[in-house]
Structure formats: structure tokens, C-alpha cells
Amino acid sequence: MHDRRFEGNIDRLRAPERVALLEVARVVDLCLYGITVQRTLDVGTGSGIFAEAFAARGLTVAGVDVNPDMLPVALGFVPGGEFHTAPAEALPFDAGTFDLVYLGHVLHETDDPVKALAEARRVATARVAVLEWPYLAEEKGPPLAHRLSPERVAEFAQAAG
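Analysis parameters
- Residues numbered from 1 in each chain as written.
- Predicted model: local features only at pLDDT ≥ 70, side-chain atom pairs only at ≥ 80, totals over all residues.
- Heavy atoms only, no water.
- Salt bridge = Lys/Arg side-chain N within 4 Å of Asp/Glu carboxyl O.
- Helix = DSSP H or I, 4+ residues; strand = E, 2+ residues; numbered from the N terminus.
- Buried < 20%, exposed > 50% of the residue type's maximum accessible area, 1.4 Å probe, protein only.
- Phe/Tyr/Trp six-rings, centres within 6.5 Å; stacked < 30°, edge-to-face > 60°.

## Notes on the pattern of salt bridges
Okay, so step 1: Tallied over the full model, the rule gives 6 salt bridges.
Okay, so step 2: Arg122 is the salt-bridge partner of Glu119, the closest N and O atoms lying 2.8 Å from each other. With Glu119 and Arg122 both in helix α6 (residues 113-123) and 3 residues apart, this pair spans about one turn of that helix.
Okay, so step 3: By relative accessible area, Arg122 is classed as partly exposed at 30%.
Okay, so step 4: For Arg152, the salt bridge is made with Glu155, and the minimal N-O distance between the two is 2.8 Å. Pair noted here: Arg152 and Glu155 are both in helix α7 (residues 150-160), with a separation of 3 residues, about one helical turn.
Okay, so step 5: What makes Arg152 partly exposed here is its relative accessible area of 39%.

## Things to note about the packing of aromatic side chains
Working definition: an aromatic ring pair is given by the centre-to-centre distance plus the angle between the planes.
Okay, so step 1: Going through the model one piece at a time under the given rule, you end up with 3 aromatic pairs.
Okay, so step 2: Between the aromatic rings of Phe50 and Tyr102, the centroid separation amounts to 4.9 Å while the plane-to-plane angle is 50°, which identifies the pairing as tilted. Of the two residues, Phe50 sits in helix α4 (residues 49-56) while Tyr102 sits in strand β4 (residues 98-104), which places them 52 residues apart along the sequence. For the pair shown, Phe50 and Tyr102 are each scored as buried.
Okay, so step 3: Geometrically, the ring pair formed by Phe54 and Tyr102 is edge-to-face, given 5.6 Å between the ring centres and 65° between the ring planes.

So far we have only geometry, and geometry alone does not tell us how the molecule works.
Take a look at the structure:
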């Protein structure tokens, strides 16, 4: 279960060159484009890089991660955040709790991507946003065997409703 979860160190996750590759501000802009957002859920929050960026926009932020060691780190960067240990497939929130649910570089790590997207849809009122690694064999990020093609993500989304 969750055998592909991140086991590295926080410094590597937050290395400036890695953060630059993530284009955090651009991703947040795209997630928020055209909708009104007050509450955001960051699924697979890790060290809270995206949760921190959403909070910097004045949003109320919550996050979940399967690795409980990540949550105090995320809370350190987002002191007002609400963080829980939970898999993407079983979010500990009521339906419609969040305007935006964000899954950043995490869908490929879930045990059941369709169930993860169905859960995200259940707790979101306006948008579910998914960011995945490009479907290319690259030096950075997970191996190609763990990456999802855009077509596969679309299939999962359609199956999740």
C-alpha cells in the first residue's frame, strides 16, 4: 500500500532548483483561474510547497499526506493550515468542504487513481486540479513506469465522474 510514497528528505523536496521546476506561482494561478476560492485542500501535501503558495494567496488551506512525518513540516510552512494523515482514496472531510482540491504530483502514487479522483470530486465544490509529471523519461522525477500519460489521467477522471 502506497509503496511509491516519497521517502527522501525535506531539504531535497524544497531544494531551490526543484521548486523552480515546479513553477509554483504559475500552477497556483492556473488552479485558481476563473473560480472563486476560499478553501483549498492539498492532497499529498508533502512538505507543503503548494499549500504554502495557496495560503500566501489568502486562502484557508488543509492538506493530507500518507506520510505522517510530512505533516509537521507542512505545518511549519503553513502555521494556519489543517493537516491530516490520510490517503487520497479516503479523505477525512465532508462532501463539499473545499472549493478547490489540488493533487500535485501525487495521482501516480495512489493505489487507486479513480477512487482518489472520486474522493477529490466528493469534497470539492468548484474544481479538482491535477498536476502530474510530463509523460517522458527524464532525469528528474519518478521513472516513466510510475508516470501517467494525459490520456490515462483523463480516463481516470472520466471513470471518477
